[in-house]
Amino acid sequence: MLENFNFRVIWEYMPLYGQCFFATLWLSALSLIGAVLVGILACSMRLSQSRLLSWPAGIYIESIRSTPLLAQLYFFYFGLPSLGIMLPEWVTGVFALTLNSGAYYAEIIRSGIQAIHFGQIEAGISSGLSYFQRMRYIVLPQAFGMTVRPMLGQAIVLVKDSSLLSLISIMELTRAGQLLTSERFMPAEGFLTTAAFYLVIYYLLKAFSNWSEKRLIFKEAF
Amino acid sequence: MISFKNVNKWYGDLHVLNNINLEVDAGEVVVVCGPSGSGKSTLIRCINRLEPIQEGELVVDNMAVHDKKTNMTKVRAEIGFVFQSFNLYPHMTALQNTTIAPIKVRKMKKADAEELGRETLTRVGLKDRINSYPAQLSGGQQQRVAIARGLCMNPKIMLFDEPTSALDPEMIGEVLDTIKMLAKGGMTMVVVTHEMGFAREVANRVVFMDDGYIVEVAPPNDFFRNAQTERGKAFLSSILSH
């Protein structure tokens, strides 16, 4: 079996894979940053006392979590231009990934915030800190500390989900596999190489996760 | 300094503070005691409006706490509050715990706040634990950090809500000694505690509460030797019998 496996072709396509590896990296990184910000915003809106804020956030989170990413992606890719909104493909892709993961981040951050003992907030109130100061200096740092693992888990999901961007003809790792398959008809070589690069990203994120957990000296307090 | 006038508070139908009248003068140390559920924690938590009151007047340092329009940040900056469960920020060192409010609320320069934090932590006997995280400290040390955190705001009043109830017996002494040091320095304090030896030594008055009422107010020696009410006597015999 292995004698049929063509390493030479893989080598030949390496420049393309390298380029696509970095494309996947930066598309994911951009979406990740956006998703965390959207998550913080959606989560604070959802936890707000005001229904004017909490309802839209709830509808956003529920509708994203209840529908497939591919349908969302197609909606933005085909649907928005039909409504007269034209965006470059990569913007559409990052936008879809950001909104999708943002809903999951909102829920992860919420679980972290709600796990914080109310005494922490009372201590902040007692010393005169404002609502935003309590959020910024007391609640969010602890919520992030407690949710490092699920947050990085979601980051790994996001990287893998970025493979769907190949379907709107963005050049990234899965698209590279598709090209090798269609140009040379070598799907085994093509997609195994694609998978190997995802594995590299996975281990990078995992190493970061372990490193950041070790840095959380205060974690035994939880 | 603190003045309750006909203060009432309800949780739903439960009448937790019943027509409370109490004056605490500047420099005075008042110990509040009573059985659990008597309203003593609620009483102290109303002073910085961790709990709102529904009726009556509550004035702290000439600011009307009962008035919804009062800027509570200003009131709270003048009141240090020490909790039963410490409530230190676990992601900050002892020093950061003490400097966050001076920097963010008092707008103190970071270097000045750290200088003050070091001094204050040294005062409560934690010179060598300045850069420790709460999880690395014993209960008694954590509570002393919490006291230092309150003191760094240079408050006019310190409130203590059962500061030693969550501590192992061998650590109660170090925390009480710290509070005694403040009392002798002339700090206005309200302390909810069952430590009767402490009350005898430092309190100017003991307030005995039961069922949402203030039942007795007396100097500690009078209250402990010669409680005037049946409920006071019953409470004292129940806590002194073991």
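To be clear, the structure that these remarks concern was listed above.
In this text, all values refer to a predicted model and were calculated from it rather than measured experimentally.

### Points about unusual backbone geometry
(1) Moving on: The phi dihedral of Phe 185 of chain A is positive, around 50°, even though this residue is not glycine.
(2) Moving on: Structurally, the position occupied by Phe 185 of chain A is in the loop between helix 9 (173-184) and helix 10 (187-215).
(3) Moving on: Phi is positive for Asn 62 of chain B, which is not a glycine, with a value near 65°.
(4) Moving on: The class for Asn 62 of chain B is exposed, based on a relative accessible area of 75%.

### Describing the nonpolar core
(1) Moving on: Among the nonpolar cores identified, the biggest contains 51 residues, and Tyr 17, Tyr 60, Ile 113, Leu 165, Leu 173 and Leu 205 of chain A are the most heavily contacted of them.
(2) Moving on: Mapped onto this core, the elements with two or more residues apiece are helix 2 (14-46), helix 3 (51-65), helix 4 (69-82), helix 5 (89-114), helix 7 (131-146), helix 8 (148-161), helix 9 and helix 10 of chain A.
(3) Moving on: If you tally residues by element for this core, the top one is helix 5 of chain A, at ten residues.
(4) Moving on: Excluding anything up to four places from it in sequence, Tyr 60 of chain A contacts Val 38, Ala 42, Thr 98, Leu 99, Gly 102 and Ala 103 of chain A.
(5) Moving on: Formed by 45 residues, the second largest nonpolar core is a distinct cluster that contains Val 29, Ile 130, Met 158 and Val 202 of chain B.

### Description of the pattern of salt bridges
(1) Moving on: This model, assessed by the stated rule, comprises 19 salt bridges over all chains.
(2) Moving on: For Arg 8 of chain A, the salt bridge is made with Glu 12 of chain A, and the minimal N-O distance between the two is 3.5 Å. One end of the pair is Arg 8 of chain A and the other is Glu 12 of chain A, both in helix 1 (residues 7-12) and four residues apart, which spans about a single turn.
(3) Moving on: In this structure Arg 8 of chain A comes out as exposed when scored by relative accessible area, which is 57%.
(4) Moving on: Its relative accessible area of 38% is what places Glu 12 of chain A among the partly exposed residues.
(5) Moving on: Lys 40 of chain B serves as the salt-bridge partner of Glu 162 of chain B, at 3.8 Å between the closest nitrogen and oxygen. Note that Glu 162 of chain B is positioned in the loop between strand 7 (157-161) and helix 6 (169-184) and Lys 40 of chain B in helix 1 (residues 40-47), a separation of 122 residues in sequence. The pair formed by Glu 162 of chain B and Lys 40 of chain B is uniform in burial state, with each residue classed as buried.

Procedures and definitions
- Residues numbered from 1 in each chain as written.
- Chains lettered and ligands numbered in written order.
- Predicted model: local features only at pLDDT ≥ 70, side-chain atom pairs only at ≥ 80, totals over all residues.
- Heavy atoms only, no water.
- Helix = DSSP H or I, 4+ residues; strand = E, 2+ residues; numbered from the N terminus.
- Buried < 20%, exposed > 50% of the residue type's maximum accessible area, 1.4 Å probe, protein only.
- Core = buried A, V, L, I, M, F, W, Y, C linked by side-chain atoms within 4.5 Å.
- Contact = heavy atoms within 4.5 Å.
- Salt bridge = Lys/Arg side-chain N within 4 Å of Asp/Glu carboxyl O.

Note that all results are geometric; they support no functional claim without further evidence.
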